[in-house]
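Notes for the structure review
Letter by letter, the chains look like this.
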Number of protein chains: 2
Amino acid sequence: MWALSTSGEGTYHHGNLRRSLIAAAQALLRSGGIEAVTLREAARQAGVSHNAPYRHFPSREALLAAVAAEGFRTLHRTQSDAAAEVDPADRLKAFGRAYLRFAAEERATFRLMFGGTLDPADHPELAAVARGTFGALVAVTQEDATSGKGIVGRDALRAWALVHGLAHLVADRQIDTAQAEACLM
Amino acid sequence: MWALSTSGEGTYHHGNLRRSLIAAAQALLRSGGIEAVTLREAARQAGVSHNAPYRHFPSREALLAAVAAEGFRTLHRTQSDAAAEVDPADRLKAFGRAYLRFAAEERATFRLMFGGTLDPADHPELAAVARGTFGALVAVTQEDATSGKGIVGRDALRAWALVHGLAHLVADRQIDTAQAEACLM
DNA sequence: CGCCAGATGTTGACAACGCCCACATTCCCT
DNA sequence: AGGGAATGTGGGCGTTGTCAACATCTGGCG
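The structure displayed is predicted, hence computed values, not measured ones.

Parameters at a glance
- Residues numbered from 1 in each chain as written.
- Chains lettered and ligands numbered in written order.
- Predicted model: local features only at pLDDT ≥ 70, side-chain atom pairs only at ≥ 80, totals over all residues.
- Heavy atoms only, no water.
- Domains from an automatic or database assignment.
- Buried area = accessible area lost by both parts, 1.4 Å probe.
- Salt bridge = Lys/Arg side-chain N within 4 Å of Asp/Glu carboxyl O.
- Polar contact = N/O pair within 3.5 Å; in protein donor to acceptor, adjacent residues only side chain to side chain.
- Helix = DSSP H or I, 4+ residues; strand = E, 2+ residues; numbered from the N terminus.
- Nonpolar A, V, L, I, M, F, W, Y, C, P; charged D, E, K, R; others polar.
- Near = heavy atom within 4 Å.
- Buried < 20%, exposed > 50% of the residue type's maximum accessible area, 1.4 Å probe, protein only.
- Least-squares fit on C-alpha atoms with pLDDT ≥ 70 in both.
- Contact = heavy atoms within 4.5 Å.

So, the domain arrangement of chain A
Residues and elements named next belong to chain A. With domains assigned, chain A is organised as domain 1 (1–57) and domain 2 (60–182). Roughly 1200 Å² is buried in total at the junction of domain 1 and domain 2, and carbon and sulfur atoms are behind 72% of that figure. It is Leu-29, Ile-34 and Phe-57 in domain 1 that bury the most area against domain 2; as a group they hold 40% of the surface buried on that side. Inspection of the region where domain 1 meets domain 2 yields 1 salt bridge. The salt bridge involving Arg-30 is made with Glu-106; its shortest N-O contact spans 2.8 Å. Taken together, domain 1 and domain 2 are joined by 3 residue pairs in polar contact (both at pLDDT 80 or more). Elements with a minimum of two residues in the side of domain 1 that touches domain 2: α1 (17–32) and α2 (39–46). Here the side of domain 1 that touches domain 2 gets 8 residues from one element, more than from any other, and that element is α1. When grouped by side-chain class, the residues that make up the side of domain 1 that touches domain 2 number 9 nonpolar, 1 polar and 4 charged.

Comments concerning the protein's contact with DNA strand C
Near DNA strand C there are 24 residues, and of these A:Ser49, A:Asn51, B:Arg40, B:Arg44 and B:Asn51 occur at the shortest range. Protein-proximal atoms of DNA strand C, defined as those within 4 Å of the protein, fall in sugar or phosphate at a share of 53%. Here A:Ser49 contributes a backbone N or O atom positioned 2.6 Å from a phosphate oxygen of DNA strand C. Residue A:His56 places a side-chain N or O atom 2.7 Å away from a phosphate oxygen belonging to DNA strand C. Ranked by the residues each element gives to the surface near DNA strand C, the list is headed by helix α2 (residues 39–46) of chain B, at 3 residues. Within the surface near DNA strand C, the residues separate by chemical class into 7 nonpolar, 11 polar and 6 charged.

A look at helix α5 (residues 107–114) of chain B
Residues and elements named next belong to chain B. Taking burial as the measure, the 8 residues of α5 include 7 buried ones, the bulk of the element. If you check which residues of α5 are buried, you get Ala-108, Thr-109, Phe-110, Arg-111, Leu-112, Met-113 and Phe-114. A positive backbone phi angle near 85° is found at Gly-116, which sits one or two residues after α5.

A short note on the relation of the copies chain B and chain A
Once chain B is rotated about the relating axis by 179° and shifted along it by 0.1 Å, it coincides with chain A to within an RMSD of 0.1 Å. Interpreted geometrically, this transformation is the action of a two-fold axis. Among all residues of chain B, the minimum C-alpha distance to the rotation axis is found for B:Gly165, at 1.7 Å. Of the residues that chain B buries at the interface, 100% are likewise interface residues in chain A, meaning the two copies contact each other through the same surface.

Quick notes on the protein's contact with DNA strand D
Looking at DNA strand D, there are 24 residues lining it, with A:Arg40, A:Asn51, B:Ser49, B:Asn51 and B:Arg55 nearest. Between DNA strand D and A:Arg60 there is a distance of 2.9 Å, counted from a phosphate oxygen to a backbone nitrogen or oxygen. Between DNA strand D and the protein, one listed contact pairs a base oxygen with a side-chain N or O atom of B:Arg55 at 2.6 Å. If you tally residues by element for the surface near DNA strand D, the top one is α2(A), at 3 residues. Partitioned by chemical class, the residues of the surface near DNA strand D number 7 nonpolar, 11 polar and 6 charged.

So, in structure tokens, the structure goes:
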């Protein structure tokens, strides 16, 4: 851990507090949901005082935004990896499956990203990362359209909403991943 | 307000605290989101001490659950009203439109109901009301199926997920109601 | 090398919150 | 009329987010 840090444990400066706080917040998020993500607990897990986090995040919300941004990056990477492994014609489906898998495996993170707790207007970096992730989705959708499948305009929105809705239902455990994936065929 | 109350303002007993607390919580929810819903502030708005709410709700979560349950009841009523006004063949679409309208007009309530903040397992009454609302939806879907449109099984789930996804996108202001409704046609 | 500005971390404090306790007041049923 | 149950009050504890003042370290400049 803290591979970039040159300093040890007993030092005054932590060396990589920002990363450590995000990692701690992710752990708290996974184990106890959004409410369990606390600046003071994250600081405790990172081994610093309760006020050290303010040198890296202006507020609790900013920490949550950083975790959400990390989530978008993970989702983006997962989707790209999944798309790279399949026939170009199946890319859109692969994107959808990756989306559903993310919702199932990172329920709390998914909710943080799409649950409306964070207002993108208050967190520019989060907004930018989210835009990037959606941009890739739009690109694949359009590529799919030009490849002759005719998914475009209203149909593209329909596809997005379908996957998004399935992902929410999966995250809420109202259906399971298998049922959701069956809807993509 | 407090139409059922027989007692006035200066009395020791409030007369309808439970309703008042739910109303106050709804107002707080609408104006400041879930985080703004506070037992103490709800008590303040109801004109009682900070501990009175505990005679009606065992915890803050229980108050939130009551507000969510009220949301499900409102949604249920809205959907029924909308369905009653249209040709039976269009009932499913009317349900979908009512769903979208609710998501747009009661964003915060929608998020409380579907955002995963509340675990239905911890709030039996909420679970029951939610089941009732979904039951009506399922009934309409099946009626639609038997009327010859053939929406059944996987297609029914697809329809549900589509509307649910559109509603979330509307609640998150990523699309507007008009775009969403266009997807129902 | 010495030193200082800025970055980073610490200590202490305050108000608000959820929740618990003991106590007060009122309602309703017998 | 009386007494138990329901309801509301007041005080208190521990936790949290945030602010202010102070301490320590780091890197660059003379």
